[in-house]
Amino acid sequence: MAWGVRAYGFIAAMWVRSTMTYRASFVMMLAANFATTSLDFAAIMIMFAQVDALGGFALPEVAFLYGTSCVAFGLSDLLLGTAERVGRRVRDGTMDVLLTRPVPVLSQLAADRFALRRLGRVTQGSLVLGWSVARLELEWTPGRIALVCSMVLCGAAIFGCMFVLGGAFQFWAQDASEVQNAFTYGGTTLLQYPPTVFGKELVRGVTFVVPLAFVNWLPALHVLGRDDPLGLPGWADFAAPAVAVLCCAVTGLVWRAGLRAYRSTGS
């Protein structure tokens, strides 16, 4: 594992140096990424220009959900987002090149074409999160602060597992990147809105089937002092670290199974 992390760092650093060769281009791409992701929050602002609350949540509370989801997803997209290219590599035969190197395949895939411009999403989400924290009328105790930090880190781990699981699935499906995007990009969009605007069946699905609710919905309800629409026990609000560890363990098993199932194109 240590060698895999080091190899990831080496490959990512190589792509960062390559990116910084054209700094003006990098700045423009970073600004474009920042502006594009800002459109999601602009849509929320437009909605609140017509209503005072969304599903019973005021604008600062929705901004809090948006910020935590955006930062967590942005970190996972930055570090592991390129895992979605597995299907392409399986189809064109370039996966064989990765398998012949004495470096973990996942480290090579995750760091390949490391895109520093994706920091635009993290920056934009952090600004919205900071604004929401300043506007929320809450007592920011050490426990609440620790829970927010846990939401971002554990949320990034859960989203990262979604990226890797989607990549592993492509060893069998070979062309399922859109299915993966439904759980990653679609998941972060879902979590930007209060759970009260969705049906309970959907909320149960993203809690017990695909555990995206642990990214921010459940811990955020505790931070904001809101009732859980599913009526789960109080300890569920603090279960994100355990869920993240479980997701990592399952993802590791599925990834290894996908590698064993890989069949070369022979090209």
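Summary of the structure given here. If you're wondering where the values come from, they're calculated on a predicted model, not measured in any experiment.

Residues Phe169, Trp172, Val179 and Phe183 make up a contiguous nonpolar surface patch of about 400 Å² in total accessible area. Where the nonpolar patch is concerned, the elements lending two or more residues are helix H8 (142-173) and helix H9 (177-183). Considering the arrangement of structural elements, one finds Phe169 in helix H8. Accessibility expressed as a relative area gives 42% for Phe169, which makes it partly exposed.

The next point concerns the packing of helix H2 (residues 23-48) against helix H3 (residues 59-80). Contact geometry of H2 with H3 gives a least axis separation of 11 Å together with a crossing angle of 160°. On the basis of the axis angle, H2 is roughly antiparallel to H3. Crossing geometry of H2 relative to H3 is assigned as right-handed. Contacts from Thr37, Asp40, Phe41, Ile44, Met45 and Phe48 of H2 reach H3 at Leu59, Val62, Ala63 and Tyr66.

This next bit is on the packing of H8 against helix H12 (residues 217-224). Each packed pair of helices is defined by two parameters, the angle between the axes and the distance between the axes. Where H8 contacts H12, the two axes come as close as 10 Å, and the packing angle between them is 160°. Considering the angle they form, H8 stands roughly antiparallel to H12. Along this stretch, H8 crosses H12, giving a crossing that reads as left-handed. In this structure, H8 contributes Arg144, Leu147, Val148 and Met151 to the contact, and H12 contributes Pro219, Ala220, His222 and Val223.

This part is about the packing of aromatic side chains. For the structure shown, the criterion picks out nine aromatic pairs. Centroid distance Phe171 to Tyr262: 6.1 Å. Interplanar angle 70°. Geometry classified as edge-to-face. Placement of Phe171 in helix H8 and of Tyr262 in the segment after helix H13 (240-261) is noted, with a sequence separation of 91 residues between them. For the pair Phe171 and Tyr262, one class covers both residues: buried. Its guanidinium or amino end placed over the ring of Phe57, Arg226 lies 4.4 Å from that ring's centre, counting from NZ or CZ.

Further remarks concern the environment of Phe198. Tracing the backbone shows Phe198 in the loop between helix H10 (185-191) and helix H11 (200-209). When the C-alpha positions of Phe198 and Gly55 are compared, they lie 8.8 Å apart, and in sequence the two are 143 residues distant. Dropping the residues within four chain positions of it, Phe198 is found in contact with Leu190, Tyr193, Val203 and Trp217.

Let us look at the nonpolar core. Membership of the largest hydrophobic core comes to 48 residues, with the highest contact counts inside it found for Ile44, Phe64, Leu212 and Trp217. In contact with Phe64, other than residues within four places in its own chain, are Leu129, Ser132, Val133, Leu136, Trp140, Val148, Met151, Ala220, Val223 and Leu224.

The next subject is the side chain of Gln108. Here Gln108 is to be found in helix H6 (residues 105-111). The class for Gln108 is buried, based on a relative accessible area of 4%. Looking at Gln108, its side chain comes within polar contact range of the side chain of Arg101, at 3.1 Å. Residues within four places of Gln108 in sequence aside, it is in contact with Ile11, Leu98, Arg101 and Val103.

Using the criterion set out here, one finds three salt bridges in the structure. Linking Asp112 and Arg89 is a salt bridge whose minimum nitrogen-to-oxygen distance equals 2.9 Å. Here the residue Asp112 occupies a position in the loop between H6 and helix H7 (119-135), and Arg89 occupies one in helix H4 (residues 86-92), the gap between them amounting to 23 residues. By relative accessible area, Asp112 is classed as buried at 14%.

Quick look at helix H1 (residues 2-20) now. Helix length check: H1 (19 residues) gives 27 Å between terminal C-alpha atoms against 27 Å at 1.5 Å per residue, within 8%. Among the residues of H1, those classed as buried are Gly4, Ala7, Tyr8 and Ala12. Each buried residue of H1 sits inside an arc of 125° when the element is viewed along its axis, so together they form one side. Exposed side chains of H1 directed beyond 90 degrees from the buried face belong to Ala2, Arg6 and Arg17. On its buried face, H1 sits against H3 and H6.

Cut-offs applied
- Residues numbered from 1 in each chain as written.
- Predicted model: local features only at pLDDT ≥ 70, side-chain atom pairs only at ≥ 80, totals over all residues.
- Heavy atoms only, no water.
- Patch = residues over 30% accessible without salt bridge, like charges linked within 9 Å, V, L, I, M, F, W, Y side chains within 5 Å.
- Areas by Shrake-Rupley, 256 points an atom, 1.4 Å probe, with all protein chains shown as cover.
- Salt bridge = Lys/Arg side-chain N within 4 Å of Asp/Glu carboxyl O.
- Helix = DSSP H or I, 4+ residues; strand = E, 2+ residues; numbered from the N terminus.
- Buried < 20%, exposed > 50% of the residue type's maximum accessible area, 1.4 Å probe, protein only.
- Axes fitted to C-alpha atoms, helices over the stretch in contact; angles between N-to-C directions.
- Parallel < 35°, antiparallel > 145°, perpendicular 65-115°, else oblique.
- Left-handed = near helix turned anticlockwise from the far one by under 90°.
- Contact = heavy atoms within 4.5 Å.
- Phe/Tyr/Trp six-rings, centres within 6.5 Å; stacked < 30°, edge-to-face > 60°.
- Lys NZ or Arg CZ within 6 Å of the ring centre and 35° of its normal.
- Core = buried A, V, L, I, M, F, W, Y, C linked by side-chain atoms within 4.5 Å.
- Polar contact = N/O pair within 3.5 Å; in protein donor to acceptor, adjacent residues only side chain to side chain.
- Expected span 1.5 Å × (residues − 1).
- Arc of directions from axis to C-beta.

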